[in-house]
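So the chains spell out like this:
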Amino acid sequence: MKQKIYFILSMIIFGAVGVFAKYIDLTSSEIALFMSLIGSLFLLIICLCTKYKISWQNMKKNAIALFIASIALSGNWIFLFQSYKETTIANAALSYYFAPVLVIMLSPIVLKEKLSLQKMIWVGAALFGLYLIMQSSGMEAAEHNLLGIFYGLIAACFYAVLTLVNKFIRNMNGLENTFIQLVLSFVMLLPYVLITDGFKLFQIAGDSVIWMLLLGILHGGIGFYLFFSGMGGLKGQSIAILSYIDPLTSLLISALIIGEKMTLLQMIGAALLLGSTLISEVSRNRKDPYRNRKYT
């Protein structure tokens, strides 16, 4: 149960990323770089304050998975932020949230998990709810923002890889797993940013600095710590279902902060989205009330 709460909280934090990105005057790769840097420094401070020691032996055992996951994390951030810059938050969410579908499709092959008919029904209901949300946001706009949608689809592929690969990481808790992946992501992104965009650390406007610090600490540090801590105790298909909390949070925050209004269709879509998630999880717990006991 604790892992599920962690994962839900991470999805709420991730849902705010689009709103943050709108206020940061940097390229998508620069935002990803600074997020990796700030997030890793934040977690380093936590390690020092709690006197937590990273297990280098475990890191070596999971070196390949950590390397692949860090590439996926970097790619996910770059293309997701670029999607937000090229199109609306709603259209970016539409394309990006093909990722849970990809996780469900790949789980039986990669994770050897059984794909039940009931799970497919609830995922279908969640997808239909998300479809209603996106329809009310104006699909005409999506036709003129194909590039942003394309970037969102690429980000979705990276997210699916990140989710699946992390299921193979063994004997590493959320703190060290997150810290190592953020450090590796920073190391990979630094030369790319220097070559493509240059390093504009001293050219960031005052407001962007504040938003970047908040984004790095909340999203890069706390958010991914909760994400990796939670997903270790969940099945791939459950992760896919709970991931729909992210786009709903994004729409709610954008409505409250940016002023995008929610229509009746959006409300119906939101009800389907959360309702299908809740019913799916409750039905699974009723069938197997001790399913999560080993994680508590």
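Just so it is clear, the model here is predicted, and its values are computed rather than measured.

The subject of this paragraph is the overall build of the chain. Counting secondary structure elements, the chain contains 15 helices and zero strands. Per-residue burial for the chain yields a buried fraction of 52% across its 296 residues. Taking the intrachain contacts of the chain between residues at least 6 apart in sequence as the baseline, contacts between residues at least 24 apart amount to 92%.

Relative to the elements of secondary structure, T178 occurs in helix α11 (residues 174-196). Once residues within four sequence positions are removed from consideration, T178 is found in contact with L43, G220, G221, F224, Y225 and F228.

Attention now moves to helix α14 (residues 245-257). Helical periodicity: at 3.6 residues per turn, an α-helix aligns residues three or four positions apart in one direction. A rise of 1.5 Å per residue sets the reference length of α14, with its 13 residues, at 18 Å; its end C-alpha atoms lie 18 Å apart and thus fit the reference within 8%. Those residues of α14 that sit buried are I245, D246, P247, L248, T249, S250, L251 and S254. Looking one or two residues past α14, G259 carries a phi angle of roughly 100°, positive in sign.

A word on the packing of aromatic side chains. Across all of its chains, the model carries six aromatic pairs by this definition. Plain terms: the ring middles of F79 and F158 are 5.9 Å apart, the flat faces sit at 15° to each other, and that makes the pair stacked. Taken as a pair, F79 in helix α5 (residues 63-86) and F158 in helix α10 (residues 146-166) lie far apart in primary sequence, 79 residues in all. Looking at F158, the relative accessible area reads 26%, which means it is partly exposed. Cluster of aromatic residues (ring-pair linked, three or more members): F7, F14, Y159 and F227.

As a further point, take unusual backbone geometry. We note that K51 has phi near 55°; this positive angle belongs to a residue other than glycine. Position of K51 among the secondary structure elements: in the loop between α3 (28-50) and α4 (56-61). Positive phi outside glycine occurs at N171, with the angle close to 60°. By the secondary structure assignment, N171 is in the loop between α10 and α11.

Attention now moves to the packing of α3 against α5. To describe two helices that pack against each other, one gives the angle between their axes and the distance between the axes. Where α3 meets α5, the closest approach of the two axes is 8 Å, and the angle between their N-to-C directions is 130°. With respect to their mutual orientation, α3 and α5 come out oblique. Note that α3 runs across α5; the crossing there is right-handed. For the pair α3 and α5, the contacting residues are S28, S29, I31, A32, M35 and S36 in the first and W77, I78, F81, Q82 and K85 in the second.

Conventions and cut-offs
- Residues numbered from 1 in each chain as written.
- Predicted model: local features only at pLDDT ≥ 70, side-chain atom pairs only at ≥ 80, totals over all residues.
- Heavy atoms only, no water.
- Helix = DSSP H or I, 4+ residues; strand = E, 2+ residues; numbered from the N terminus.
- Buried < 20%, exposed > 50% of the residue type's maximum accessible area, 1.4 Å probe, protein only.
- Contact = heavy atoms within 4.5 Å.
- Expected span 1.5 Å × (residues − 1).
- Phe/Tyr/Trp six-rings, centres within 6.5 Å; stacked < 30°, edge-to-face > 60°.
- Axes fitted to C-alpha atoms, helices over the stretch in contact; angles between N-to-C directions.
- Parallel < 35°, antiparallel > 145°, perpendicular 65-115°, else oblique.
- Left-handed = near helix turned anticlockwise from the far one by under 90°.

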